[in-house]
Amino acid sequence: MEADTKHKKPGTRLCCACNQRRAALKRPKTLEQICRECFYAVFEEEIHQVILENKLFKPGERIAIGASGGKDSTVLAYVLSELNRRHNYGLDLFLLSVDEGITGYRDDSLETVKRNELQYGLPLKIVSYKDLYGWTMDEIVKMIGLKNNCTFCGVFRRQALDRGAALLKVDKVATGHNADDIAETVLLNILRGDIARLSRCTSIITGEDGPIPRCKPFKYTYEKEIVMYAYFKKLDYFSTECIYSPNAYRGFAREFIKDLERIRPRAILDIIKSGEDFRIATSTKMPEQGTCERCGYISSQKWCKACVLLEGLNRGLPKLGIGRNQGLNSDAKEDIKKDGRTKSIESKQCGSLEF
């Protein structure tokens, strides 16, 4: 008895899971005191159960992991590699990165992804805005400034991921979107009144009607726990925020979510649950999904958003696809023909691949 007392420090708490090792952290999601070893096990097991319960993958599938070099995608690549071996998923995994052309940010983060390629033994494919669209984000920001640059980047990145995935001939793309990201998106879609996106933003698999479906294995995983896992596992990741997004609208929703989490940790999961339970009135007119007349990408308009934005850039009218100026009317299309730019524009489509 005396010997046990000597080894135990006053105030030391044991792990609530194994009741043997000293607790090393408090789980943000559950507030449980837990040791590192049990944290690793429960973190990985929860993701494994999400994959099984939602049937995210099938044996033999080729899966591209969207890799930015940040904490989320790095942990996703590591955990999926581990679970694939441990549970015999039978998946062929690849890393897929998008180079937006942001000097001092993306070039540095891609070096991290290249190291991850060697560390995890996963083939890497990089697609760039310059190759696909003829523009880098540095060039776009130079033209439009910092007000609407995230609109261009978000639209181009979504399409670039699909085009990279098509080059890899994968069956699905797995992204590192975590619970915090999804809760933020629910709030943003409510604030914007975007019914179409609100109805699908909590889906763990999206894009099943598009060229390549995407899935989110981290849908119920807290950002803080991903950071803890990366830190304790000493994973190699890039932690600098994008230099062009200090005033992004999403940042305000993120701060609000963090405030709620401090008061009530379950608030993040509750917001996701609310988003899942939203029911859209049958009288609500939803956009019909079609294909872009210009590049063949999925679109609810004649031209996809990427083509409209790219058209504005190429014509020196970068605000053409922003806000009230969205889309091309018949007068604008007629102007293109009169300018004699039709040929040059068509030869520089928004992507080098057809869908």
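Computed from a predicted structure; not experimentally measured.

**Student:** Any chance you could explain the overall build of the protein here in plain terms?
**Tutor:** Scanning the protein from N- to C-terminus turns up 15 helices and ten strands. Out of the 355 residues belonging to the protein, those deemed buried represent 48%. Looking at the protein as shown, the accessible area adds up to about 19,000 Å², and 49% of this sits on carbon and sulfur atoms.

**Student:** Sorry, what's going on with the packing of aromatic side chains here?
**Tutor:** Here the distance between the centres and the angle between the planes together describe a pair of aromatic rings. Per the stated rule, a full pass over the model turns up 14 aromatic pairs. For the ring pair Tyr 231 and Phe 232, a centre distance of 5.4 Å and an interplane angle of 65° mean the geometry is edge-to-face. By relative accessible area, Tyr 231 is classed as exposed at 58%. Residue class for Phe 232 comes out buried when judged on its relative accessible area of 15%. Feature note: the residues Phe 39, Tyr 40, Phe 43, Tyr 78, Tyr 120, Phe 218 and Tyr 229 constitute an aromatic cluster, connected by ring pairs. The ring of Tyr 40 has Lys 233 lying over it, and the distance from NZ or CZ to the ring centre is 4.4 Å.

**Student:** Is there a simple way to explain the pairing of strand E5 (residues 124-128) in this structure?
**Tutor:** In regular strands, side chains alternate between the two faces of the sheet. Sheet analysis places strand E4 (residues 92-99) next to E5, joined by five bridges and oriented parallel. Counterpart to Val 98 in the pairing with E5 is Val 127. The β-α-β motif built from E4, the intervening helix H4 (residues 106-120) and the parallel element E5 has right-handed crossover chirality.

**Student:** Sorry if this is basic, but what is going on with the pattern of salt bridges here?
**Tutor:** One pass over the structure, following the stated rule, counts 28 salt bridges. Between Glu 184 and Arg 254 there is a salt bridge whose closest N-O contact spans 3.3 Å. Taken together, the positions of Glu 184 in helix H8 (residues 179-192) and Arg 254 in helix H11 (residues 249-263) put the pair 70 residues apart, joining distant regions of the chain. Under the relative-accessibility criterion, Glu 184 is labelled buried at 1%. Judged by its relative accessible area of 28%, Arg 254 falls in the partly exposed class.

**Student:** Would you mind going over the sheet that holds E4 with me for this structure?
**Tutor:** Hydrogen bonds between backbone groups are what pair the strands of a sheet, and the pairing can be parallel or antiparallel. One open sheet accounts for six strands, arranged E5-E4-E3-E6-E8-E7; its pairing is mixed. The sheet is open, and its two borders are formed by E5 and strand E7 (205-206), each paired with just one other strand. Taken together, the five bridges between strand E3 (residues 62-66) and E4 define a ladder with parallel strand orientation. By the bridge assignment, Arg 62 is partnered in E4 with Asp 92. Strand contacts of H4: E4 and E5, with the helix running at about 165° to E4, the strand carrying the most contacts. Running at roughly 140° to E4, helix H7 (residues 149-168) makes contact with E3, E4, E5, strand E6 (172-174) and strand E8 (214-215) of the sheet.

**Student:** Which parts of the structure should I look at to understand helix H3 (residues 71-86)?
**Tutor:** Helical geometry: 3.6 residues make up each α-helical turn, so side chains three or four residues apart lie on a common side. The end-to-end C-alpha separation of H3 is 22 Å, in line with the 22 Å expected for 16 residues at 1.5 Å each. A large share of H3 lies buried, amounting to 13 of its 16 residues. One or two positions beyond H3, positive phi appears at Asn 88, with a value near 50°.

Conventions we followed
- Residues numbered from 1 in each chain as written.
- Predicted model: local features only at pLDDT ≥ 70, side-chain atom pairs only at ≥ 80, totals over all residues.
- Heavy atoms only, no water.
- Helix = DSSP H or I, 4+ residues; strand = E, 2+ residues; numbered from the N terminus.
- Buried < 20%, exposed > 50% of the residue type's maximum accessible area, 1.4 Å probe, protein only.
- Areas by Shrake-Rupley, 256 points an atom, 1.4 Å probe, with all protein chains shown as cover.
- Phe/Tyr/Trp six-rings, centres within 6.5 Å; stacked < 30°, edge-to-face > 60°.
- Lys NZ or Arg CZ within 6 Å of the ring centre and 35° of its normal.
- Pairing = 2+ DSSP bridges.
- Right-handed = clockwise from strand over helix to strand, strands pointing away.
- Salt bridge = Lys/Arg side-chain N within 4 Å of Asp/Glu carboxyl O.
- Contact = heavy atoms within 4.5 Å.
- Axes fitted to C-alpha atoms, helices over the stretch in contact; angles between N-to-C directions.
- Expected span 1.5 Å × (residues − 1).

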